[in-house]
Amino acid sequence: MPVILIGFMGTGKSTVGRLLAESMNQSFCDLDELIEKEAGMTIPTYFDTYGEQVFRQLEQDLLKKAIDEYDILSTGGGTPTISANQKVIQAAMGRTIKLDAPIDEIRARIGDDMNRPIFKKLSQQAFNELKEKRDAIYTKFCDVIIDTSQKNPREIVAEIKALI
Ligand code: S3P
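The structure displayed is predicted, hence computed values, not measured ones.

Undergrad: Sorry if this is basic, but what is going on with unusual backbone geometry here?
TA: Trans peptide bonds make up most of the peptide bonds, and negative phi angles are found at most residues other than glycine. Its identity as a non-glycine residue notwithstanding, Asn25 has a phi of 60 degrees, on the positive side. With respect to the helices and strands, the residue Asn25 is situated in the loop between α1 (13-24) and β2 (28-30). By C-beta crowding, Asn25 is classed as exposed, having 7 other C-beta atoms within 10 Å.

Have a look at this one:
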């Protein structure tokens with residue numbers, strides 16, 4: 001039964017997923033990392049070269065593979081917003097955990113990280129609106145919501161372990 005971490009960019013999915021897997025002695029996959037490995041390039045370069053639509057197709061193909069092969073999976077912020085991906089996540093019958101944080105904290109965490117093409121291209125208002133829109137989707141698809149605000153990754157991991 002896989003544990004699938006979902007949530008907006010900057011909510012700590014990769015850090016928390018890795019730490020959770022380590023502490024449970026389970027296998028871990030970061031979907032963004034898997035995409036970069038398969039593509040042989042970074043996600044921003046992939047976006048620039050092929051565009052978001054092609055990225056989403058690769059993401060969809062690798063999501064299925066990752067869910068089949070790993071115990072704990074951290075997804076990209078856009079992954080659960082695609083209906084084909086929602087079906088794959090639901091069919092996995094695992095525990096889907098939404099990590100959340102207030103938008104200001106997310107901004108502070110992301111800083112000027114230009115490794116995130118979606119963040120890079122959006123105005124402040126459009127970014128805020130995207131979070132709101134996606135949050136509703138994450139909430140609908142998750143079993144548990146964890147507020148990561150003002151907590152360190154170890155505290156978040158302890159909270160997740162108490163709930164799964
Ligand atoms: C994306 C988020 C990124 C990555 C890609 C697209 C998005 O992952 O998958 O840049 O659509 O929000 P993180 O959530 O790990 O930043």
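Text resumes after the structure shown.
Undergrad: I would appreciate a short explanation of the environment of Leu130 in the present structure.
TA: Looking at the element boundaries, Leu130 is found in helix α8 (residues 124-141). Sequence separation between Leu130 and Phe119 is 11 residues, and the spatial gap between their C-alpha atoms is 9.9 Å.

Undergrad: What is the right way to read the UniProt feature "binding site: ATP" (unreviewed entry) in the protein chain from this model?
TA: As recorded in UniProt, the sites labelled "binding site: ATP" (unreviewed entry) are Gly10, Thr11, Gly12, Lys13, Ser14, Thr15 and Arg116. Mapped onto the elements, Thr11 comes out in the loop between β1 (3-7) and α1. When neighbours within four sequence positions are excluded, Thr11 is seen to be in contact with Leu99, Asp100, Ala101, Ile106 and Thr148. Following the sequence through the fold, Arg116 ends up in the loop between α6 (103-110) and α7 (117-121).

Reading guide: rules and limits
- Note that residues are indexed from 1 along each chain, following the sequence as it is written.
- In keeping with the model being predicted, local features are shown solely for residues with a pLDDT of at least 70 and side-chain atom pairs are shown and tallied solely at 80 or more, while totals for entire chains, interfaces and linings include all residues.
- What counts as a helix is a DSSP run of H or I of at least four residues, what counts as a strand is a run of E of at least two, and both are numbered from the N terminus.
- Comment: burial labels come from other C-beta atoms within 10 Å of the residue's own C-beta, placed from the backbone, where a count of 20 or more is buried, 12 or fewer is exposed, and between is partly exposed.
- UniProt positions are given in the numbering used here, feature names are shortened, and annotations may be inferred rather than shown by experiment.
- A residue pair is marked as a contact if its C-beta atoms, positioned from the backbone, fall within 7 Å.

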